[in-house]
Amino acid sequence: MPSAGPNVPRHVAIIMDGNGRWAKQRGLPRIEGHRRGVETVRSIIDAARELGIQYLTLYAFSAENWQRPPDEVSALMSLLELFLRREAKTLIKNRIRLHTIGRIEELPAGPLKELKRAIAATQEFTDWNLVLALNYGSRTELADAARAYADAVVAGREKPEECSWSALSRYLYTADLPDPDLLIRTSGETRLSNFLLMQCAYAEMIFSPVLWPDFTKAELVTAIEEYQRRERRFGLTGEQVKPPVRVHRPAVNQ
Ligand code: IPE
Ligand code: IPE
Ligand code: MG
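Basis of the calculations
Residues numbered from 1 in each chain as written. Chains lettered and ligands numbered in written order. Predicted model: local features only at pLDDT ≥ 70, side-chain atom pairs only at ≥ 80, totals over all residues. Heavy atoms only, no water. Near = heavy atom within 4 Å. Polar contact = N/O pair within 3.5 Å; in protein donor to acceptor, adjacent residues only side chain to side chain. Areas by Shrake-Rupley, 256 points an atom, 1.4 Å probe, with all protein chains shown as cover. Helix = DSSP H or I, 4+ residues; strand = E, 2+ residues; numbered from the N terminus. Nonpolar A, V, L, I, M, F, W, Y, C, P; charged D, E, K, R; others polar. Core = buried A, V, L, I, M, F, W, Y, C linked by side-chain atoms within 4.5 Å. Buried < 20%, exposed > 50% of the residue type's maximum accessible area, 1.4 Å probe, protein only. Expected span 1.5 Å × (residues − 1). Arc of directions from axis to C-beta. Contact = heavy atoms within 4.5 Å.

Caption draft 1: Spatial organisation of the site of ligand 1. Taken together, the neighbourhood of ligand 1 is formed by Met16, Asp17, Gly18, Asn19, Gly20, Arg21, Arg30, His34, Ala60, Asn65, Arg68 and Leu76. Measuring from an oxygen atom of ligand 1, one finds a backbone N or O atom of Gly20 at 2.9 Å. Interatomic distance of 2.7 Å between a side-chain N/O atom of Arg21 and an oxygen atom of ligand 1. Coverage of ligand 1 by the protein chains reaches 87% of its 380 Å² of free accessible surface. Secondary-structure elements contributing two or more residues to the shell around ligand 1 are helix 1 (19-25) and helix 2 (30-51). The biggest single contributor to the shell around ligand 1 is helix 1, with three residues. Partitioning the shell around ligand 1 into residue classes produces three nonpolar, five polar and four charged.

The structure is reproduced here in structure tokens:
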């Protein structure tokens, strides 16, 4: 089983998908799938820490998910509020810092209050990081970044002729976070659904057929093992990124 080490991805991002289908398969309402999905969130936060993953980003609610039936949206918001209220103590106990990405100010007052409280209560921690993507979409993130960058140009803090990816990325929600090394999507869907499109430019992607409520630490370990078998080249050749082969020359007896 992988443990903390150079080959464990520093940042794992997960598109937690399949709650609705999990419930449907059992003749249960969709919200029951979301409830079970929250249990998986708890166990995967623990597992990630045990495995030495420093950053875990979970796609919990997309900017497009508001268009779901209103009762599902409000049930999801209640579950979020409950999760944050219950989980804050565990985050503090395990010294996990909570971050969010997305337009969180558009969330209902209840979950927003819990979110702000948990973020403030964990802000001094540095070793472990949980990032919740809430009301998140890469395209709104880009629009928000462009607006903030344009404001900075007008205020004289940025010069368009010096614009680069490193300058622009400081305006993304993820400004303080490293890029994901490994992106996992559960439920067999093989799309990104507007999630971290730029930050995953060089992430390894793994698509698991398992529905999110059934996803376990064992599945996470399997994904990490697959990640460890891959060669990340970042545009270079395989020879350039491979560690130099050490030729062992046995001592010659003369
Ligand atoms: C993921 O499960 C949870 C959220 C998007 C909030 P889904 O609710 O998308 O489950 P499926 O895709 O309908 O099975
Ligand atoms: C992506 O899942 C969003 C989250 C997991 C929160 P969706 O279920 O909303 O994505 P699509 O609609 O199938 O692409
Ligand atoms: Mg889905």
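Caption draft 2: Spotlight on the nonpolar core. Core analysis: the biggest nonpolar cluster contains 45 residues, and Ile14, Leu56, Leu58, Leu130 and Leu220 have the highest contact counts within it. Broken down by element, the residue count for this core peaks at nine residues, all from helix 3 (residues 70-93). One finds Tyr59, Ala133, Tyr136 and Leu177 within the second-largest nonpolar core, a separate group that totals 14 residues.

Caption draft 3: Molecular detail of helix 5 (residues 138-154). Taking 1.5 Å per residue as the helical rise, helix 5 with its 17 residues ought to reach 24 Å, and the 24 Å between its terminal C-alpha atoms agrees with that figure. Looking at helix 5, one finds that the buried residues are Ser138, Glu141, Asp144, Ala145, Tyr149 and Ala152. Seen along its axis, helix 5 keeps its buried residues to an arc of 135°; they face one direction. Projecting away from the buried face of helix 5 at angles above 90 degrees are the exposed residues Arg139, Arg147 and Val154. Buried residues belonging to helix 5 abut strand 4 (128-136) and helix 6 (165-168). Positioned one or two residues after helix 5, Gly156 has a phi angle of 80°, which is positive.

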